[in-house]
Amino acid sequence: MIETVTPAKKTFYQRYASSAIALMLLASFLFAGMTLIAKQLSSRFEAVELVFFRNLVGVISILISLRQKPMQQPGGKPLLLIFRGVVGTASLYMLFYSVRTLSLGTASAYQYTYPIFLSILSFLFFGEKLNRREWLAIGLGFLGILLIFRPDVTMPLRWHLIGLSCAILTAVSYLSIRSLNRYYDTRAIVLSFMLSGLILPALSMLTGSLFPDVNHWLIGRFVWPQGWEWAILLMMGLAALLAQLCMTRSLSMDKAGRVSAVGYSNIVFSLLFGIILGDPLPSFVMSLGITLIISGGVLIAWKKKTTGKLS
């Protein structure tokens, strides 16, 4: 029996989809706000300490949630769960370092190339077939990356490579989530990431205090926050947590492809925030590169009719 879509039902579906898009826009705004705060704080705090505080609020909220409603899951993949946490934390290290060294728009553009790498890794390791449109999207994405590299040749190559590595590790992390969703509660997957995001930065800062002469972006020294800095660090953690909740809710309300495409507004928000902070206006070539990355990502996102929730 075919269900008749009445005008009333159609209006309801449209409102529901609009709500999903609005939530994804809010998530993008909050994620961009998180990087804005990180950029402001990076002059005093190392990237590893910012990662620590970014995850602290999330861990507390998930532990409260688990107390109210315990997890029910088969489990059985502890090493993969730990791997997801470590890789996700490593991508955060790289994101916060990129935010510190590059403009916000450039750092965000590099991060959002992850769907391109996700498609390539799925093709190489899971045998997922790519159609012509997807190969076109991948080509557009890589051309965009080259155009962003080109106007920033005065910057150390390492900064660009770390930005791209963030996207690659994000793609690897999301691939692991596909397998973990069959064995673990979503909260367990997120908690593995956030606990790793506390433990690894703590080890990095401990190493930095024991060996103060070591100068490496993976190593940092703990700086005790003063006064208002506690509130700003809390805001950063809350922004990340609320953005995650809005994104997850949005993906559950409408087609994942549609709302994922809206998520690319994060790059626009980051560009605007960066300009407010004093970042130079992107050149025509860089703007073209960012546009190509967004276009490639949207092509891939719209192809995905249904996907798992990203944590």
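Residues numbered from 1 in each chain as written. Predicted model: local features only at pLDDT ≥ 70, side-chain atom pairs only at ≥ 80, totals over all residues. Heavy atoms only, no water.

Looking now at the overall build of the protein chain. Scanning the protein chain from terminus to terminus reveals 12 helices and zero strands. Secondary structure elements of the protein chain occur, N-terminal to C-terminal, as α-α-α-α-α-α-α-α-α-α-α-α. Of all 311 residues assigned to the protein chain, the portion counted as buried reaches 50%. Of all intrachain contacts in the protein chain linking residues separated by at least 6 positions in sequence, the fraction that spans at least 24 positions is 87%. Carbon and sulfur atoms make up 69% of the accessible area of the protein chain, which amounts to about 15,800 Å² in all. (Helix = DSSP H or I, 4+ residues; strand = E, 2+ residues; numbered from the N terminus. Buried < 20%, exposed > 50% of the residue type's maximum accessible area, 1.4 Å probe, protein only. Contact = heavy atoms within 4.5 Å. Areas by Shrake-Rupley, 256 points an atom, 1.4 Å probe, with all protein chains shown as cover.)

A few words now on the confidence of the model for the protein chain. Summing up the model confidence of the protein chain, the mean pLDDT is 82 and the portion of residues at 70 or higher is 86%. Across residues 305-311, where pLDDT falls below 50, the model places 21 contacts with residues more than four positions away in sequence or in other chains. (pLDDT = per-residue confidence, 0-100.)

Right, let's get into the nonpolar core. Within the largest apolar cluster, 38 residues are counted, with the highest numbers of intra-cluster contacts made by Met34, Leu50, Phe96, Leu233 and Met236. Counting residues per element, the ones that place at least two in this core are α1 (7-41), α2 (47-68), α3 (78-101), α4 (104-111), α7 (157-180), α8 (186-210) and α9 (228-253). Looking at which element gives the most residues to this core, the answer is α2, with nine residues. Here Phe96 is in contact with Met34, Ala38, Ala47, Leu50, Val51, Arg54 and Met236, once residues within four sequence places are set aside. Leu81, Tyr114, Ile145 and Leu180 belong to the second-largest nonpolar core, a separate cluster that totals 27 residues. (Core = buried A, V, L, I, M, F, W, Y, C linked by side-chain atoms within 4.5 Å.)

Counting across every chain of the model gives 11 aromatic pairs. Their ring planes at 85° and their centres at 5.5 Å tell us that Phe52 and Phe53 sit as a pair that is edge-to-face. Phe53 carries the same exposure label as Phe52, and that label is buried. Through pairs of rings, three or more aromatic residues link up here, namely Phe52, Phe53, Phe222, Trp224 and Trp230. (Phe/Tyr/Trp six-rings, centres within 6.5 Å; stacked < 30°, edge-to-face > 60°.)

Attention shifts here to the packing of α2 against α3. Taken N-terminus to C-terminus, the directions of α2 and α3 make an angle of 120°; their axes are 9 Å apart at the nearest point. Between α2 and α3, the angle falls in the class oblique. Considering only the axes of α2 and α3, their crossing is right-handed. Along its contact with α2, which presents Ala47, Val48, Leu50, Val51, Arg54 and Asn55, the element α3 presents Thr89, Leu92, Tyr93, Phe96, Tyr97 and Arg100. (Axes fitted to C-alpha atoms, helices over the stretch in contact; angles between N-to-C directions. Parallel < 35°, antiparallel > 145°, perpendicular 65-115°, else oblique. Left-handed = near helix turned anticlockwise from the far one by under 90°.)

As a further point, take a nonpolar patch on the surface. A contiguous nonpolar surface patch, about 650 Å² in accessible area, is contributed by Leu195, Ile199, Leu203, Leu206, Leu210, Phe211 and Val214. With relative accessibility at 48%, the residue Phe211 sits in the partly exposed group. (Patch = residues over 30% accessible without salt bridge, like charges linked within 9 Å, V, L, I, M, F, W, Y side chains within 5 Å. Salt bridge = Lys/Arg side-chain N within 4 Å of Asp/Glu carboxyl O.)

Turning next to the side chain of Ser270. Looking at the secondary structure, you find Ser270 in helix α11 (residues 265-277). Take Ser270: its relative accessible area is 2%, and that puts it in the buried class.

Moving on, we get to the packing of α3 against α7. Across the interface, α3 lies against α7 with an axial gap of 8 Å and an inter-helix angle of 155°. Regarding the angle of α3 to α7, the classification is roughly antiparallel. Judged by the twist between their axes, the crossing of α3 over α7 is left-handed.

So, on to α4. Counting buried positions along α4 yields eight of eight residues, so the element is predominantly enclosed. Listed as buried for α4 are Leu104, Gly105, Thr106, Ala107, Ser108, Ala109, Tyr110 and Gln111.

This part is about helix α6 (residues 132-149). Think of an α-helix as turning once every 3.6 residues; residues three or four places apart then point the same way. Compared with an ideal rise of 1.5 Å per residue, which puts 18 residues at 26 Å, α6 spans 26 Å between its outermost C-alpha atoms and is within 8% of the ideal. Buried within α6 are the following residues: Glu134, Ala137, Ile138, Gly141, Gly144, Ile145, Leu147, Ile148 and Phe149. (Expected span 1.5 Å × (residues − 1).)

So, about the pattern of salt bridges. Counted by the stated rule, this structure contains three salt bridges. With a closest N to O distance of 3.0 Å, Glu46 and Arg100 form a salt bridge. Highlighted residues: Glu46 in the loop between α1 and α2 and Arg100 in helix α3, separated in sequence by 54 residues. Overall, the relative accessible area of 25% leaves Glu46 in the partly exposed class. Judged by its relative accessible area of 33%, Arg100 is partly exposed.

All right, on to the environment of Phe149 then. Among the secondary structure elements, Phe149 is positioned in helix α6. Taking the C-alpha atoms as reference points, Phe149 and Thr106, 43 residues apart in sequence, are found 9.6 Å from one another. The contact partners of Phe149, leaving out residues within four places of it in the chain, are Tyr110, Leu157, His160, Leu161 and Leu164.

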